[in-house]
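Summary of structural features
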Amino acid sequence: ETFDNLYYGVPNGWNNSDYTNLDDPWGYYASGFNGTSAVACQAVDGSQKGYAILKTPALSNLPAGSQLSFNVNAPGQISQMSVSLKYGAKEFTLGKVQTKGWTELSYDLSAYAGYTVTICFRIDCGGKGSHATEWCIVDNVKVATKPNCARPIDLSVMSVNQNKVSLIWSMS
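Residues numbered from 1 in each chain as written. Predicted model: local features only at pLDDT ≥ 70, side-chain atom pairs only at ≥ 80, totals over all residues. Heavy atoms only, no water.

Taken together, the side chains of Leu155, Val157, Val160, Val165, Leu167, Trp169 and Met171 present a nonpolar region at the surface, about 710 Å² in accessible area. For the nonpolar patch, the secondary structure elements donating two or more residues are strand E11 (152–160) and strand E12 (165–171). By residue number, the principal contributor to the nonpolar patch is E12, which donates four residues. (Patch = residues over 30% accessible without salt bridge, like charges linked within 9 Å, V, L, I, M, F, W, Y side chains within 5 Å. Areas by Shrake-Rupley, 256 points an atom, 1.4 Å probe, with all protein chains shown as cover. Salt bridge = Lys/Arg side-chain N within 4 Å of Asp/Glu carboxyl O. Helix = DSSP H or I, 4+ residues; strand = E, 2+ residues; numbered from the N terminus.)

Shown next as structure tokens:
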């Protein structure tokens, strides 16, 4: 989900109804990773403890080799964000998120192949008496089969002519 066509709330099928003591639960945010819309959660008064959970629609029969990837930015004084996976009554934490500035994260979902799952993004904030803005932005949420090859990083063009392009890169 790129959220590019989102102008209010959360996309159809997503759920942001599980929250407490927050001024602004998960919903539309005008400036995502690609400069278009995203979803964000914000607590204006960091003095109150609160949480908010954003849930994806159920993903049926997850394919073998699946991977969750998304972009995240926590420019405020976020206390904690976690990503978890639910199937049935069971919930498993995939990871904790601590970031300032846009970061791409990914999690291997291979162990859940064949299950119907829901991905949950949870922000816990406040209670520190800081009265600061705490928030987190999520964009480009995708569950897809992992690529079979390593991802190139630091890709650079060395030279270009009419018949040839020379590239250099490192592997992730």
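This part takes up the confidence of the model for the protein chain. With 88% of its residues at a pLDDT of 70 or more, the protein chain has an overall mean of 85. Mean pLDDT across the secondary structure elements of the protein chain bottoms out at strand E3 (residues 38–43), with 83, and peaks at strand E5 (residues 66–73), with 94. (pLDDT = per-residue confidence, 0-100.)

Taken as a whole and assessed by the stated rule, the structure comprises two salt bridges. Lys86 is the salt-bridge partner of Glu91, the closest N and O atoms lying 3.9 Å from each other. Of the residues examined, Glu91 reaches a relative accessible area of 45% and is grouped as partly exposed. Of the residues examined, Lys86 reaches a relative accessible area of 28% and is grouped as partly exposed. One salt bridge connects Lys146 with Asp108, and the closest N-O pair in it is separated by 3.2 Å. Placement of the pair is Lys146 in the loop between strand E10 (134–145) and E11 and Asp108 in strand E8 (residues 103–108), with a sequence separation of 38 residues. (Buried < 20%, exposed > 50% of the residue type's maximum accessible area, 1.4 Å probe, protein only.)

By the secondary structure assignment, Asn71 is in strand E5. Each residue touching Asn71, except ones within four places of it in the same chain, is listed here: Phe33, Trp102, Thr103, Glu104, Ile137, Val138, Asp139 and Asn140. (Contact = heavy atoms within 4.5 Å.)

Here the focus is the layout of surface pockets. By volume, the largest pocket is sized at about 330 Å³. Lining of the largest pocket is provided by 13 residues; of these, Gln67, Ser69, Glu104, Pro147 and Arg151 occupy positions nearest its centre. Listed by contribution, the elements that provide at least two residues to the lining of the largest pocket are E5, E8 and E10. Broken down by class, the residue content of the lining of the largest pocket amounts to five nonpolar, four polar and four charged. (1 Å grid on protein atoms, 1.4 Å probe; cavity = no way out; pocket = protein on both sides within 12 Å on 5 of 7 lines; lining within 4 Å. Points joined across faces, edges and corners; volume = space filled by probe spheres on them. Nonpolar A, V, L, I, M, F, W, Y, C, P; charged D, E, K, R; others polar.)

Okay, the nonpolar core next. Of all hydrophobic cores here, the largest spans 32 residues; its most connected members are Trp26, Leu68, Phe70, Val83, Phe121 and Val138. Contributions of two or more residues to this core are made by E3, strand E4 (50–55), E5, strand E6 (80–87), strand E7 (90–97), strand E9 (118–125) and E10. Setting aside residues no more than four positions away along its own chain, Val138 makes contact with Phe3, Trp26, Ala38, Val39, Phe70, Asn71, Val72, Met81 and Phe121. (Core = buried A, V, L, I, M, F, W, Y, C linked by side-chain atoms within 4.5 Å.)

Let's shift gears to the environment of Pro63. One can find Pro63 in the loop between E4 and E5. Classification of Pro63 by relative accessible area gives partly exposed; the value is 42%.

Moving on, we come to the side chain of Asp139. Relative to the assigned elements, Asp139 resides in strand E10. Notably, Asp139 is buried but unbridged: the nearest opposite-charge side chain belongs to Lys142, and the N-O separation is 12 Å. Looking at Asp139, its side chain comes within polar contact range of the main-chain nitrogen of Phe33, at 2.9 Å. Filtering out sequence-adjacent residues up to four positions away, Asp139 remains in contact with Glu1, Thr2, Phe3, Gly32, Phe33, Asn34, Ser37, Ala38, Phe70, Asn71 and Trp102. (Lys, Arg positive; Asp, Glu negative; His and termini not counted. Polar contact = N/O pair within 3.5 Å; in protein donor to acceptor, adjacent residues only side chain to side chain.)

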